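Descriptive analysis of the structure
Spelled out from the first residue to the last, the chains are:
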Amino acid sequence: GKVHVVKLFQAGAMAVGMCGDGGNDCGALRVAHAGVALSEAEASMVSPFSAKTKSVQSVHDLLREGRASLATSFACFKFLVMYGILFAILKLCCFYYGVIMAYMCYIMIDIIAVVWLSYSITVSQPKKKLYTKLPPSSLLGVTNLLSVLGMAGLAIFTISVSFWIAESADGYVAFPSRDSDQAKWWTLGDAAETTVIFAVTNSMFVTSAVVFSLGGTFRQAVYHNLVLMVSWFLLLGITMYVLLSDSNAFTRLFHMASEDFNAPGTESVNWQAYQKRGGTPSTGALMSFETRLQIFLVILSSCTLLMVWEKFFVQGTLREMLRISKTEKLKLAVKP
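So, how was this worked out
Numbering of residues starts from 1 in each chain and follows the order in which that chain's sequence is written. Residues qualify for local features only when their pLDDT is at least 70, as the model is predicted, and side-chain atom pairs are given and counted only at 80 or more; totals for whole chains, interfaces and linings, by contrast, use all residues. Hydrogen atoms and water are omitted, and side-chain values are computed over all heavy atoms in the structure. Numbering of helices and strands runs from the N terminus, with a helix taken as a DSSP run of H or I at least four residues long and a strand as a DSSP run of E at least two residues long. A pair of Phe, Tyr and Trp rings is counted when the ring centres sit within 6.5 Å of each other, with Trp represented by its six-membered ring. The angle between the planes then sorts it: under 30 degrees is stacked, over 60 is edge-to-face, the rest tilted. Burial classes: relative accessible area under 20% of the type maximum marks a residue as buried, over 50% as exposed, and values in between as partly exposed (1.4 Å probe, protein chains only). We define a salt bridge as a contact between a side-chain nitrogen of Lys or Arg and a carboxyl oxygen of Asp or Glu at a distance within 4 Å.

**Brief notes about the environment of Phe296**
Looking at where Phe296 falls in the secondary structure, it is placed in helix α11 (residues 289-314). Between the alpha carbons of Phe296 and Leu243 there is a distance of 7.7 Å; along the sequence they are 53 residues apart.

**Examining the packing of aromatic side chains**
Applying the stated criterion across every chain yields a total of 14 aromatic pairs. Each ring, one from Tyr96 and one from Tyr97, has its centre 4.9 Å from the other, and the planes form 85°; the classification is edge-to-face. Of the residues examined, Tyr96 reaches a relative accessible area of 67% and is grouped as exposed. Judged by its relative accessible area of 17%, Tyr97 falls in the buried class. Ring centres 5.4 Å apart and planes at 85° place the aromatic pair Trp271 and Tyr274 in the edge-to-face group. On the criterion of helical spacing, the pair formed by Trp271 and Tyr274 is a turn pair, its members being three residues apart in helix α10 (residues 269-276). Judged on exposure class, the residue Trp271 and its partner Tyr274 are both buried. Cluster of aromatic residues (ring-pair linked, three or more members): Phe79, Tyr83, Phe87, Tyr106 and Phe205.

**Observations regarding the pattern of salt bridges**
Scanning the model with the defined rule gives three salt bridges in all. Residues Glu259 and Arg252 are paired through a salt bridge, measuring 3.3 Å at the closest nitrogen-oxygen approach. On the accessibility criterion, Glu259 (17% relative accessible area) is buried.

All we've got here are geometric facts, nothing functional implied.
Have a look at this one:
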């Protein structure tokens, strides 16, 4: 009976749902891909889902929640992929310049941002309206690839431009890695390069959580997720504060370049060695406020471009252009 009907649909490569409220529905509820029991009797014992309202409206709610959950799972996946990509960029830049960020920078990224934003993404709510459009079903689908690769490319471009601004500024002095003891890693953060690396990678990483949760067909707009929005403003605000603020006790935790590490009589062992070798001391902060402001504007522009790319290209025009409908696939298959 009902079990046979469900299996016939499944044989046609269809995803089958079943709802029922009696003992005679148990077999079909168990065999179906998604079963919704409309009672608390026998059916609820074999069905993955049970409805409290005893109404088929629960099927509508289940589809909304299920599609939103899948979209959120993909968002979390892309968020952690971006974490790996940005961290690879971070480490390559550190190796190239012979620097290591201060421990507080790693705490901010690896513990605070990763843990808290991973949770904040999951708070996103489903759309109240159910659309016929299906969510992506592949981790390597067009949507996910466009989203991650576009963001990775923009991150590389942003950090390259930021380094160019920093190195082109008057008074720029490269970190004296040749005078440093690489075994004493905690002394390798007194550099303008680490300021650029931390400010760019952390800002892009924090913003990626918002970008991957913008909303769309299956989830409500990101501004409905107050936990994520507050977290984003707070973490991005801290990053911008330590970048733009004058030297103080808080910025020293991050070893920001607003500090005069290369000043005469400096306490930094690497810059002491640089000056003993004949290097010229700096007359002010390692990186001027004007330079840090330019880097801030580049970061802000890049964060805006990330949202534009995700909203209007990944979820919009570009994705639709690259999608091929089933009808078009059949036409291509039978084309002589």
